[in-house]
Structure formats: structure tokens, C-alpha cells
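Topology and contacts: notes
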Amino acid sequence: VLVVLVVLGAVALSVLDDGTEEASACADVDRPPVDFKNGSLDRVELWLSAPNGSVSARVEALIAASPESRRIGLRETDRLVDGEGMLFVHGSEANWSYSVAGVGYPLDIVFAKSGGDITTIHHAPTPTGAEDDRRYSGRGQYVLQVPLGYTNRTGVAVGDCLAIPAGLRNAA
């Protein structure tokens, strides 16, 4: 799958598998400045907003851009609180599946396209028994994991925007 982000005026376009173009509703949304912090993994502030630009939520996220950090994910953390998360950065937009097996707490899993448009939100409970292998799938270049219910509490929904700082766009 090859996805190209082209900026024409103020409209971002994604080239789909069939060669057609799809406009991004998130083209005009302000983006937070890149503010990496020291630690074992870099962190960045992300904004989740409606397409009109009104910010619904801010998340300080660990960045998982390498294959190893994406494999480990949140498995080595004890918990997340509202306003914290992990951003999984892939090299291109595609269909991805995630599991919460090995994570000891429930999560919201948010998929966003290369332009930041949120395509899917899953509410994943803590896995028990048969649920250990359950997969949560969606399409995007970015996957944000936050505490279960955070998207509901902040009003974040499919069609909203995940504002990715420009310096992080091709981190994978």
C-alpha cells in the first residue's frame, strides 16, 4: 500500500490503493510543536481535535516507532492515567491489528490515517482467558493507545483528528 500526502492549498490528499484521492478533514488542524523529552523512549504531546480545530484532548505519549518498541508496546508499563498514552508510528498507512495481551490494564485503541483522520476506535478490556488473543484492527499510519474510556470522556470520535507534529510524520 502506497500512500502519499500531497498538500494543495490547504487540503491534504491521500492516494488510495486504487489510485483515487481522498481529502483529509485534518489538513487545516493546528499541530503541536515537537517537544521530545529525555527517557528510555521519546515522548511527544499530541492533540485530538474536531475537524474544525477545537481541541478535545491532549495526550503526552511515548513514541513506539521502531519494530522492537512497537512489539513491546505498553507491556512494560504498570498503568496509564488520563492524558497519557503510547503512539505507534508505522512507515505507511495500512491495515494493522493490535492485541492488549500482556498489558495489565484496559485501553482505548485509536487508529489514524497519515493525514491524522481518526478511522477507528476500539475499547479493549483487560484480556482474560479466551480474550488473551483478541485482535483489534483498523486502518492508519498511527495507532494511539490511551486508558479505557478516555476517548468517551473527552468526546473524541471517528472522523476527528489526531494532530501529529510534522517532525514525527516519518519517524518509523
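A look at the overall build of the protein chain
- Of the regular secondary structure elements, the protein chain holds two helices and ten strands.
- Going from N to C terminus, the protein chain has its helices and strands arranged as β-β-β-β-β-α-β-β-β-β-α-β.
- The buried share of the protein chain, taken over its 172 residues, is 45%.
- The contacts in the protein chain between residues at least 6 apart in sequence include a share of 64% that link residues at least 24 apart.
- Roughly 8,200 Å² of accessible area belongs to the protein chain as shown, and the carbon and sulfur atoms make up 50% of that amount.

Some thoughts on the packing of aromatic side chains
- Using the criterion set out here, one finds two aromatic pairs in the structure.
- Seen in terms of ring centroids, phenylalanine 88 and tyrosine 98 are 5.0 Å apart; in terms of plane orientation they differ by 65 degrees. Their pairing is edge-to-face.
- Here phenylalanine 88 falls in the buried class, since its relative accessible area comes to 2%.
- With a relative accessible area of 9%, tyrosine 98 lands in the buried category.
- Summarising the aromatic geometry, the rings of tyrosine 98 and phenylalanine 111 are spaced 6.1 Å apart at their centres and angled 70 degrees between planes, so their arrangement reads as edge-to-face. Of this pair, tyrosine 98 sits in strand β6 (residues 84-98) while phenylalanine 111 sits in strand β7 (residues 107-112); the two residues are 13 residues apart in sequence, bridging distant segments of the chain.
- Judged by its relative accessible area of 0%, phenylalanine 111 falls in the buried class.

Comments concerning the pattern of salt bridges
- Scanning all chains against the criterion turns up four salt bridges.
- Salt-bridge contacts for glutamate 68 lead to arginine 71; the nearest nitrogen and oxygen are separated by 2.8 Å. Note that glutamate 68 and arginine 71 are positioned in helix α1 (residues 67-72) at a spacing of three residues, about one turn of the helix.
- Glutamate 68 sits in the partly exposed class, given a relative accessible area of 43%.
- Owing to a relative accessible area of 52%, arginine 71 belongs among the exposed residues under this scheme.
- One salt bridge connects arginine 153 with aspartate 82, and the closest N-O pair in it is separated by 2.7 Å. With a gap of 71 residues between them, arginine 153 in helix α2 (residues 150-154) and aspartate 82 in the loop between α1 and β6 connect regions that are remote in the sequence.

A short note on the environment of threonine 128
- In this structure, threonine 128 sits in the loop between β8 (118-124) and β9 (136-147).
- Taking C-alpha positions, threonine 128 is 9.9 Å from glycine 104, a pair spaced 24 residues apart along the chain.

Here we look at the sheet that holds strand β5 (residues 55-64)
- Here we have seven strands laid out as an open sheet, ordered β8-β7-β9-β6-β5-β4-β10, and mixed in their pairing. On the outer flanks of this sheet lie β8 and β10 (161-163), each paired with one strand and no other. Strand-to-strand twist across the sheet, computed as the mean angle between neighbouring axes with direction ignored, equals 35 degrees.

A few points about the pairing of β9
- Of all twelve residues in β9, ten are buried; the element is thus mostly enclosed.
- Here nine bridges tie β6 to β9, and the two strands are oriented antiparallel to one another. Looking at β9, one finds that leucine 87 is bridged to leucine 144.
- Across six bridges, the pairing between β7 and β9 is antiparallel. Across the sheet, residue leucine 107 finds its bridge partner in β9, namely proline 147.

Observations concerning the confidence of the model for the protein chain
- Summary statistics for the protein chain give a mean pLDDT of 79 and a share of 73% for residues scoring 70 or more.
- At the level of individual helices and strands, the protein chain shows its lowest average pLDDT in strand β1 (residues 5-8), which scores 26, and its highest in β7, which scores 97.
- Ignoring residues within four places in sequence, the model shows residues 33-40, a span with pLDDT below 50, making twelve contacts including any to other chains.

What counts, and where the lines are drawn
Residues numbered from 1 in each chain as written. Predicted model: local features only at pLDDT ≥ 70, side-chain atom pairs only at ≥ 80, totals over all residues. Heavy atoms only, no water. Helix = DSSP H or I, 4+ residues; strand = E, 2+ residues; numbered from the N terminus. Buried < 20%, exposed > 50% of the residue type's maximum accessible area, 1.4 Å probe, protein only. Contact = heavy atoms within 4.5 Å. Areas by Shrake-Rupley, 256 points an atom, 1.4 Å probe, with all protein chains shown as cover. Phe/Tyr/Trp six-rings, centres within 6.5 Å; stacked < 30°, edge-to-face > 60°. Salt bridge = Lys/Arg side-chain N within 4 Å of Asp/Glu carboxyl O. Pairing = 2+ DSSP bridges. Axes fitted to C-alpha atoms, helices over the stretch in contact; angles between N-to-C directions. pLDDT = per-residue confidence, 0-100.

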